[in-house]
Amino acid sequence: MQIGILALQGDFELHQTTLNRLEVKSTLIRKPSQLVDCDGLIIPGGESTTLVKLLRNIELIAPIRHFATHRPIFGTCAGSILLATEIANHSMETLGLIEATIERNAYGRQIDSFIYTLQLNLNDKKYEFEGVFIRAPEIKSVGQDVKVLGVVSGQSEGENIVLAENDQILIATFHPELTQDDLVHRYFIDKVRTKSKN
Ligand code: GLN
């Protein structure tokens, strides 16, 4: 199994460090032809507007959409913005691969970054996970085919979704590569493993 990590901008190296720790082969993706050898893809955090421009420049948008028809993709923070179908507070093209409405920089300037203990529900088991949020987006709502795997109590209103998936796509608004706990990466690797058997 080999996992590609989109390496155009942002926080890709730490995802590779995590995969190395888990002894999973990975490759840094900088052009469309490199996707062919991958069983899964990680789109890291960074700046979503910059990332989408770079994706367009090197003509990676259509190849990633095609990749998602048969292989899983995991987007963290800016990566989750790129994968969502709708951005509530910004007009920009996305890959549109998971039915979710997401708001960029949703937690305000004063608290641009924070750490919060999350309750995650993976394969019907509950886990605590240290969520690192950096100028994070908020998942406001998801479609019927999307399963919510983690929430956080909102600053002003109800609960915000922080981890969700559909059949092929996993999105996290936090940065699991910044903690030593590999739980979320292992969950994604299992998703990739299941798909590559099919
Ligand atoms: N604020 C960034 C954006 O809207 C995301 C931040 C991150 O990936 N840590 O693109």
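Residues numbered from 1 in each chain as written. Predicted model: local features only at pLDDT ≥ 70, side-chain atom pairs only at ≥ 80, totals over all residues. Heavy atoms only, no water.

A. Structural view of the site of the ligand. For the ligand, the full set of nearby residues is Gly45, Gly46, Glu47, Ser48, Cys77, Ala78, Ile81, Arg104, Asn105, Ile134, Arg135 and His175. Within the contact set of the ligand, an oxygen atom lies 2.7 Å away from a backbone nitrogen or oxygen of serine 48. Isoleucine 134 has a polar backbone atom sitting 3.0 Å from a nitrogen atom of the ligand. Here the ligand, which alone exposes 300 Å², has 96% of that area covered by the protein. Looking at the shell around the ligand, its residues break down into four nonpolar, five polar and three charged. (Near = heavy atom within 4 Å. Polar contact = N/O pair within 3.5 Å; in protein donor to acceptor, adjacent residues only side chain to side chain. Areas by Shrake-Rupley, 256 points an atom, 1.4 Å probe, with all protein chains shown as cover. Nonpolar A, V, L, I, M, F, W, Y, C, P; charged D, E, K, R; others polar.)

B. Geometry of the side chain of lysine 195. Inspection of the secondary structure assignment puts lysine 195 in helix α5 (residues 183-197). Polar contacts involving the side chain of lysine 195 include one to the side chain of aspartate 167, which spans 3.2 Å. (Helix = DSSP H or I, 4+ residues; strand = E, 2+ residues; numbered from the N terminus.)

C. View of unusual backbone geometry. You will see that asparagine 123, though not glycine, has its phi angle at about 50°, which is positive. As for its placement among the helices and strands, asparagine 123 is situated in the loop between β7 (113-122) and β8 (125-134). Of note, the phi angle at arginine 135 is positive, near 40°, even though the residue is not glycine. Relative to the helices and strands, arginine 135 resides in the loop between β8 and β9 (138-142). For arginine 135, a relative accessible area of 41% puts it in the partly exposed group. (Buried < 20%, exposed > 50% of the residue type's maximum accessible area, 1.4 Å probe, protein only.)

D. Just the pattern of salt bridges, in detail. Tallied over the entire structure, the rule returns 10 salt bridges. Aspartate 190 is the salt-bridge partner of arginine 193, the closest N and O atoms lying 3.5 Å from each other. With arginine 193 and aspartate 190 both in helix α5 and three residues apart, this pair spans about one turn of that helix. Given the relative accessible area of 39%, arginine 193 is considered partly exposed. Residue classification places aspartate 190 among the partly exposed positions, given a relative accessible area of 39%. Salt bridges sharing common partners tie together Glu47, Arg104 and Arg135. (Salt bridge = Lys/Arg side-chain N within 4 Å of Asp/Glu carboxyl O.)

E. Spotlight on helix α1 (residues 13-21). Every buried residue belonging to α1 is among His15, Gln16, Thr18 and Leu19, and all of these are buried. Along the axis of α1, the buried residues cluster in a sector spanning 160°; they form a single face. Looking at the residues trailing α1, positive phi occurs at glutamate 23, about 60°. (Arc of directions from axis to C-beta.)

It is worth stressing that arrangement in space is one thing and function is another; only the former is reported here.
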